[in-house]
Amino acid sequence: MCSTPCLNAAAASITAYDQGEFEAIRWLTDEQVLEEPAELLDPHMHRFTRKLQHARR
């Protein structure tokens, strides 16, 4: 449980996704997101991930 507002979800809670929009889905840690080349992700994903990291401190 978080002491501040947070996002929590079990990987198994995602049972379907729009296969016309996404080739696949997977769960990543913050560090894994930041290691992914920016060209492969949403243009704002790295900035968003850093903001989440800062908010959790």
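Reading the values: the criteria
- Residues numbered from 1 in each chain as written.
- Predicted model: local features only at pLDDT ≥ 70, side-chain atom pairs only at ≥ 80, totals over all residues.
- Heavy atoms only, no water.
- Helix = DSSP H or I, 4+ residues; strand = E, 2+ residues; numbered from the N terminus.
- Buried < 20%, exposed > 50% of the residue type's maximum accessible area, 1.4 Å probe, protein only.
- Areas by Shrake-Rupley, 256 points an atom, 1.4 Å probe, with all protein chains shown as cover.
- Salt bridge = Lys/Arg side-chain N within 4 Å of Asp/Glu carboxyl O.

**Concerning the overall build of the chain**
And then number 1: Looking only at helices and strands, the chain features 2 helices and 0 strands.
And then number 2: The buried share of the chain, reckoned over its 57 residues, is 11%.
And then number 3: Summed over all atoms, the accessible surface of the chain reaches about 5400 Å², with 56% contributed by carbon and sulfur.

**What to know about the pattern of salt bridges**
And then number 1: Applying the stated criterion across every chain, the model contains 2 salt bridges.
And then number 2: Glutamate 36 serves as the salt-bridge partner of arginine 26, at 3.0 Å between the closest nitrogen and oxygen. Pair noted here: arginine 26 is in the segment before α1 (30–35) and glutamate 36 is in the loop between α1 and α2 (45–56), with a separation of 10 residues, a long-range link.
And then number 3: Arginine 26 sits in the exposed class, given a relative accessible area of 59%.
And then number 4: Residue arginine 56 pairs with aspartate 30 through a salt bridge whose shortest N-O separation is 2.4 Å. One end of the pair, arginine 56, is in helix α2; the other, aspartate 30, is in helix α1, and 26 residues separate them in sequence.
And then number 5: The exposure class of arginine 56 is exposed, given its relative accessible area of 54%.
And then number 6: Residue classification places aspartate 30 among the buried residues on the basis of a relative accessible area of 16%.

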